[in-house]
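Residue strings, one per chain:
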Amino acid sequence: MLVEHFSMIAFSSAIEPLRLANRAARRELYRYSLWSENGRSCTASNGVEVQVAGAFGAAQDLDMAIVCGGIDIHRRDHRALQASLRRSSIRGAAIGAVCTGTYVLAKAGLLDGYRATIHWENQASLASEHDGLEVGSDLFEIDRNRFTCAGGTAAADMMLSLIVRDHGPDLAAEVADQLIHHRIREAGERQRMDLRMRLGIAHPKLLHVVGLMEKTFAEPLGSQELAEAVQLSKRQLERLFLKYLGRSPAKHYLRIRLEHARHLIRQTAMPLLTIAIECGFTSASHFSKAYLDHFGRPPSSERKV
């Protein structure tokens, strides 16, 4: 089930393991069709058009339905897709999603009582809109007849795990070899590179402080608290940040909070004041000024079509 502006890498990472499983087994283990809202070709976020078999409503007698999402998933009307998914679920089909497709399943009420995951950029927005939803940060989640993944190449790991479940590890290993995918990652592995890789630094105390910042952006800690957490003085901590990151602890903290705010603005309909408060700002005016200074445009401009 392709949503307009779907992620091409998530789509191909989900489809190719099935094709290769058929090839390796020399028989049809999986048969798949593609569907769109209007039954016409669907355009990925990279501009590539993909032909489909028909509209969502024409999808009948499915064993499994997978939604492939992409950018701006929350800005679209998914009622036809949700209705099709509910019908498939009632008829016993397994329901899954790659990338931001998890958002559609959640809106349809198809993840109630199930564990789920979504791309790390969308975790906070999904959790904020669905308080009761159990949203994790794993690469993928397979919970009974529901399966969701972070998108990107994580879709391949999820499908390979389903192949292991359906046809055993030998076939899945052969498919992984064809993909030049050196190992099938476990569901519980983290989505993002660890801080050491992302920041290109190895100083343990600095990494610990940045990790604290990323966990406490809603209620920022003071410089003294951060320094004490790693048994440094405020001046020593300041020197560490300037040496390795080229900015003060306060500026790095602000950067983390503003980047998180941008994700929420782009991916939810939350009021700007609510977003400001969730990211540790005491007023809308303070938030707007900090956002403008950092990104060169006001937060309201992010939602203009």
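Reading guide: rules and limits
- Residues numbered from 1 in each chain as written.
- Predicted model: local features only at pLDDT ≥ 70, side-chain atom pairs only at ≥ 80, totals over all residues.
- Heavy atoms only, no water.
- Helix = DSSP H or I, 4+ residues; strand = E, 2+ residues; numbered from the N terminus.
- Buried < 20%, exposed > 50% of the residue type's maximum accessible area, 1.4 Å probe, protein only.
- Contact = heavy atoms within 4.5 Å.
- Lys, Arg positive; Asp, Glu negative; His and termini not counted.
- Charge placed at Lys NZ, Arg CZ, Asp CG, Glu CD.
- Core = buried A, V, L, I, M, F, W, Y, C linked by side-chain atoms within 4.5 Å.
- Salt bridge = Lys/Arg side-chain N within 4 Å of Asp/Glu carboxyl O.
- Pairing = 2+ DSSP bridges.
- Axes fitted to C-alpha atoms, helices over the stretch in contact; angles between N-to-C directions.
- Parallel < 35°, antiparallel > 145°, perpendicular 65-115°, else oblique.
- Left-handed = near helix turned anticlockwise from the far one by under 90°.
- Nonpolar A, V, L, I, M, F, W, Y, C, P; charged D, E, K, R; others polar.

A. Geometry of the overall build of the protein. Helix and strand counts for the protein stand at 13 helices and 10 strands. C-alpha atoms of the protein, sized along the principal axes, occupy 65 × 40 × 35 Å. Split into buried and exposed, the 305 residues of the protein put 46% on the buried side. Of the contacts made within the protein by residues no fewer than 6 positions apart, 62% connect residues no fewer than 24 positions apart. The distance from the centre of the 39 positive side-chain charges to the centre of the 34 negative ones in the protein is 6 Å.

B. Inspection of the nonpolar core at higher detail. Formed by 37 residues in total, the largest nonpolar core has its most connected members in Leu 2, Phe 6, Phe 11 and Val 98. Looking at this core, the elements with two or more residues in it are helix H1 (8-25), strand E6 (94-98), strand E10 (146-149), helix H5 (154-167) and helix H6 (169-178). Top element by residues in this core is H1. It accounts for 8 residues. Among all residues touching Leu 2, those that are not within four sequence positions of it are Phe 11, Leu 34, Trp 35, Ser 36, Cys 42, Val 50, Val 52, Phe 56 and Cys 68. Core analysis: the second largest hydrophobic core is formed by 24 residues, Ala 59, Ile 73, Leu 110 and Ile 118 among them.

C. Representation of the side chain of Thr 148. Among the secondary structure elements, Thr 148 is positioned in strand E10. Each residue touching Thr 148, except ones within four places of it in the same chain, is listed here: Ala 97, Thr 102, Leu 105, Leu 111, Arg 115, Ala 116, Thr 117, Phe 140, Glu 141 and Met 158.

D. Molecular detail of the pattern of salt bridges. In total, this model carries 11 salt bridges according to the counting rule given. Residues Asp 143 and Arg 115 are paired through a salt bridge, measuring 3.8 Å at the closest nitrogen-oxygen approach. Note that Asp 143 is positioned in strand E9 (residues 140-143) and Arg 115 in strand E7 (residues 115-117), a separation of 28 residues in sequence. With its nearest N and O atoms 2.9 Å apart, the salt bridge here joins Arg 144 to Asp 143. Linked by salt bridges that have partners in common, Arg 115, Glu 141, Asp 143 and Arg 144 make up one network.

E. A look at the sheet that holds E10. Taken in spatial order, the 4 strands make up an open sheet running E5-E6-E10-E9, and their pairing is mixed. In this open sheet, the two edge strands, each paired with only one partner strand, are strand E5 (64-68) and E9. When the angles between neighbouring strand axes are averaged without regard to direction, this sheet yields 10°. For E5 and E6, the ladder comprises 5 bridges, and the chain directions are parallel. Bridged to Val 67 within E6 is Ala 97. In the packing of H5 onto the sheet, contacts are made with E5, E6, E9 and E10, and the angle to E9 comes to roughly 30°.

F. Region of interest: the pairing of E9. Note: E9 against E10, 4 bridges, orientation antiparallel. Directly across from Asp 143, in E10, lies its bridge partner Arg 146. The antiparallel pairing of E9 with E10 creates a hairpin that spans 2 residues between the two strands, and Arg 144 there sits at a positive phi of about 55°.

G. Seen up close, the packing of H5 against H6. Packing of H5 against H6 leaves a shortest axis separation of 7 Å and a crossing angle of 150°. By the criterion of interaxial angle, the relationship of H5 to H6 is roughly antiparallel. Seen along the crossing, H5 lies across H6 with a hand that is right-handed. Residues Leu 160, Ile 163, Val 164 and His 167 of H5 touch H6, and the partners they reach there are Pro 169, Leu 171, Ala 172, Val 175 and Ala 176. Here the contact of H5 with H6 is composed, by residue class, of 8 nonpolar, 1 polar and no charged.

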